Amino acid sequence: AGSQTISAVLGVAEDTINQLGIPATDKTDMINVMPVAYAVSYIFGTAGSAWIMSDIAPRLLGGIESVKKACRDLEAKMGSDDESEQPGFMPAARPITFRAYKISNDWFGAGKTVKELEDYLEGQGRRLFVERVRIDHVIRDAKPDQMLLKGNEVVLSGRREFVVGEEDWIGDEVNDIELLDFPAETLPVLISRKKYVGMTVAKLRKLPVMHGVSIKSIKRAGINIPVLAATTIDPGDMLELVGTKLEVNAAADTLGYADRPTNQTDMIFVGLGIFLGGVVGSLAIHFGGVPISLSTSGGALIAGLVFGWLRSKHPTFGRIPEPSLWVLNNVGLNMFIAVVGITAGPSFVTGLKEVGVSLFFIGALATAIPLIVGVLLGRYVFKFHPAITLGCTSGARTTTAALGAVEDAVESQTPALGYTVTYAVGNTLLIIWGVVIVLLMT
């Protein structure tokens, strides 16, 4: 558990040990040694994973500079990246902006419609939208057939690099507070409609309902993935959309479900999942007098997988705020480990003296070997792109520390594209193997 940095294994292993037909003293000895082994092997499990994936793995894939170039090439191939904000920070150069201009260029001649202006911009490689106009001192929402003349003012929205420089041919930028005073919204939207699954970001952007809407970020299984033109949308992806309130809400209704921030947890959903998981986990099949079951922890895991799948299909229920998930994932597991450690306190020092040094090296091998094998399989057997190989291997290790170290080392977010699937599979299989290993060793 420590070498793979997955503390949930301790829970299912303890439940399985308690169901074994062995003396109570043997059960106590086995349970007491687990936190010792976990603590000794977890250190290298976390730090070692990050070091191997950010330093050793790129060398196995042709060298760090070669991997960086491959990542840059992949980014160029997949399209431009929409930078997302980190929690608690706001970039000085905001990627999506709204700016007002006063029309003075002769290009408009006797007049151009809003649609003609947007089509012209699209033809120049600038995905921009006319949101509002001021005509004869009257402010109104832009419509496709609205005529624009010299002296009118327009608000353009879109990525900053597309907006900058428009004054060269539209006219001077104006600080029209009244014209710019309209509601813009940032809204997380969960993709749940089948027709949009498998669609690329570039194709999604071309949908009529995405007019005036920009994609700020994409989260998959809680992990930020780069918003590239060729990025494929998966079911359950969380897209953060930015635009006017009306346009963003229309896009949310079309694509799936608007997952608006809330501080309320659907406790009926959570409680029912735990109850059903406990019931399933308590069932046991006996082979040769040895009870084999998922245990209550394993049952809860299976219930979580099923309920999580149900929420991805029907996102109107089962809402759990992200801070609550953080508490459950981190505080809950750490509390469990602390309780086990307190119980095993008397035997900790003795056990560490007896097996501490050898256990550390065994744990380091258990950490390093799967990572190295995974990288070599990705390169020579599956022939993945280096970024995907790094992401897949980090995901199988189920530690975001390794993914973060990889992204910093290769200076790209593209490894996240290969992270989420193996992360989900790794979490599930590692916990189930916590049960299997106990049975195999007893």
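Everything here concerns the structure above.
These notes cover the structure that comes with them. (Residues numbered from 1 in each chain as written. Predicted model: local features only at pLDDT ≥ 70, side-chain atom pairs only at ≥ 80, totals over all residues. Heavy atoms only, no water.)

Details of the overall build of the chain
Piece 1. A tally of regular secondary structure across the chain gives 15 helices and 13 strands.
Piece 2. Scored against the burial criterion, the 442 residues of the chain give a buried share of 44%.
Piece 3. Put simply, 78% of the contacts in the chain that link residues at least 6 apart link residues at least 24 apart.
Piece 4. Accessible surface, the chain: about 22500 Å² in total, of which carbon and sulfur atoms supply 63%. (Helix = DSSP H or I, 4+ residues; strand = E, 2+ residues; numbered from the N terminus. Buried < 20%, exposed > 50% of the residue type's maximum accessible area, 1.4 Å probe, protein only. Contact = heavy atoms within 4.5 Å. Areas by Shrake-Rupley, 256 points an atom, 1.4 Å probe, with all protein chains shown as cover.)

Here we look at the sheet that holds strand β9 (residues 223–225)
Piece 1. Ordered by their spatial adjacency, five strands build an open sheet running β9-β8-β10-β7-β11, and the pairing between neighbours is antiparallel. The open sheet has two edge strands, β9 and β11 (256–258), and neither has a second partner. Along the sheet, successive strands turn relative to each other by an average axial angle of 35 degrees, direction set aside.
Piece 2. Bridge count between strand β8 (residues 214–220) and β9: three bridges; the pairing is antiparallel. When the bridges of β9 are listed, Arg220 appears paired with Ile223. (Pairing = 2+ DSSP bridges. Axes fitted to C-alpha atoms, helices over the stretch in contact; angles between N-to-C directions.)

A look at the packing of aromatic side chains
Piece 1. Counted under the stated rule, the structure contains nine aromatic pairs.
Piece 2. The interplanar angle of 90 degrees and the centroid separation of 5.0 Å between the aromatic rings of Trp107 and Phe108 together place this pair among those described as edge-to-face.
Piece 3. Classification of Trp107 by relative accessible area gives partly exposed; the value is 26%.
Piece 4. Here the aromatic rings of Phe382 and Phe384 are separated by 5.5 Å at their centres, their planes lie at 15 degrees, and the arrangement is stacked.
Piece 5. For Phe382, a relative accessible area of 53% gives the class exposed.
Piece 6. Residue Phe384 is classed as partly exposed on the basis of its relative accessible area of 38%.
Piece 7. Among the aromatic side chains, those forming a connected cluster through ring pairs are Phe44, Phe360 and Phe361.
Piece 8. Note that Lys112 overlies the ring of Trp107, its terminal NZ or CZ placed 5.0 Å from the centroid. (Phe/Tyr/Trp six-rings, centres within 6.5 Å; stacked < 30°, edge-to-face > 60°. Lys NZ or Arg CZ within 6 Å of the ring centre and 35° of its normal.)

Structural notes on the side chain of Lys68
Piece 1. Checked against the element boundaries, Lys68 lands in helix α3 (residues 64–78).
Piece 2. Leaving out residues up to four positions away in the same chain, Lys68 has contacts with Ala409, Val410 and Glu411.

With respect to the packing of helix α1 (residues 8–18) against helix α15 (residues 419–441)
Angle between the axes and distance between the axes: these two values describe a pair of packed helices.
Piece 1. α15 packs onto α1 with a crossing angle of 35 degrees between their chain directions and a minimal axis gap of 8 Å. In this structure, α1 meets α15 at a crossing whose hand is right-handed. Residues Ala8, Val9, Val12, Ala13, Thr16 and Ile17 of α1 lie in contact with α15, whose contacting residues are Leu430, Ile431, Gly434, Val435, Val438 and Leu439.
Piece 2. Each residue belonging to the contact of α1 with α15 can be placed in one class, and the counts come to 10 nonpolar, two polar and no charged. (Left-handed = near helix turned anticlockwise from the far one by under 90°. Nonpolar A, V, L, I, M, F, W, Y, C, P; charged D, E, K, R; others polar.)

What to know about α1
Piece 1. The buried fraction of α1 is high, at eight of 11 residues.
Piece 2. Every buried residue of α1 is listed here: Val9, Leu10, Gly11, Val12, Ala13, Glu14, Thr16 and Ile17.

Things to note about the nonpolar core
Piece 1. Counting residues in each nonpolar core, the largest one holds 46 residues, and the members touching the most others are Leu204, Ile215 and Leu241.
Piece 2. If sequence neighbours within four positions are ignored, Leu241 has contacts with Glu185, Thr186, Leu187, Val189, Met210, Val213, Ser214, Ile215, Val248, Ala251 and Leu255.
Piece 3. Of all hydrophobic cores here, the second largest spans 16 residues; its members include Leu121, Val154, Val163 and Ile170. (Core = buried A, V, L, I, M, F, W, Y, C linked by side-chain atoms within 4.5 Å.)

A closer look at unusual backbone geometry
Negative phi values dominate among residues other than glycine, just as trans dominates among peptide bonds.
Piece 1. One non-glycine residue, Thr5, lies in positive phi territory at about 50 degrees.
Piece 2. For Thr5, the position within the fold is in the segment before α1.

Focus on the pairing of β8
Piece 1. Within β8, six of the seven residues are buried, which leaves it mostly tucked inside the rest of the structure.
Piece 2. The antiparallel pairing of β8 with β9 creates a hairpin that spans two residues between the two strands, and Ala221 there sits at a positive phi of about 55 degrees.

Re the pattern of salt bridges
Piece 1. With the rule as written, the count across this model stands at 14 salt bridges.
Piece 2. A salt bridge links Glu178 to Arg134, with the shortest nitrogen-to-oxygen separation between them at 3.3 Å. Within this pair, whereas Glu178 is found in helix α6 (residues 177–180), its partner Arg134 is found in strand β3 (residues 128–135), the two being separated by 44 residues in sequence. (Salt bridge = Lys/Arg side-chain N within 4 Å of Asp/Glu carboxyl O.)

Points about a nonpolar patch on the surface
Piece 1. A contiguous nonpolar surface patch, about 910 Å² in accessible area, is contributed by Leu365, Ile369, Ile372, Val373, Leu376, Leu377, Tyr380, Val381, Phe382 and Phe384.
Piece 2. Tracing the backbone through its elements, the reader meets Leu365 in helix α12 (residues 345–381). (Patch = residues over 30% accessible without salt bridge, like charges linked within 9 Å, V, L, I, M, F, W, Y side chains within 5 Å.)

What about helix α9 (residues 267–282)?
Piece 1. When the terminal C-alpha atoms of α9 are compared, their 22 Å separation across 16 residues agrees well with the 22 Å that a helix rising 1.5 Å per residue should span.
Piece 2. Those residues of α9 lying buried are Phe269, Val270, Gly273, Gly277 and Gly281. Buried positions in α9, seen along its axis, are confined to an arc of 95 degrees and lie on one side of it. Facing away from the buried side of α9 by over 90 degrees, the exposed positions are Met267, Ile268 and Phe275. (Expected span 1.5 Å × (residues − 1). Arc of directions from axis to C-beta.)

A closer look at the pairing of strand β6 (residues 153–159)
Piece 1. Across the seven residues that make up β6, a large majority, seven, are buried.
Piece 2. Direction of pairing for strand β1 (residues 96–102) relative to β6: antiparallel, over a ladder of seven bridges. When the bridges of β6 are listed, Lys102 appears paired with Glu153.
Piece 3. Examined bridge by bridge, β3 and β6 share six bridges and lie antiparallel to one another. What sits directly across from Arg132, in β6, is Val155.

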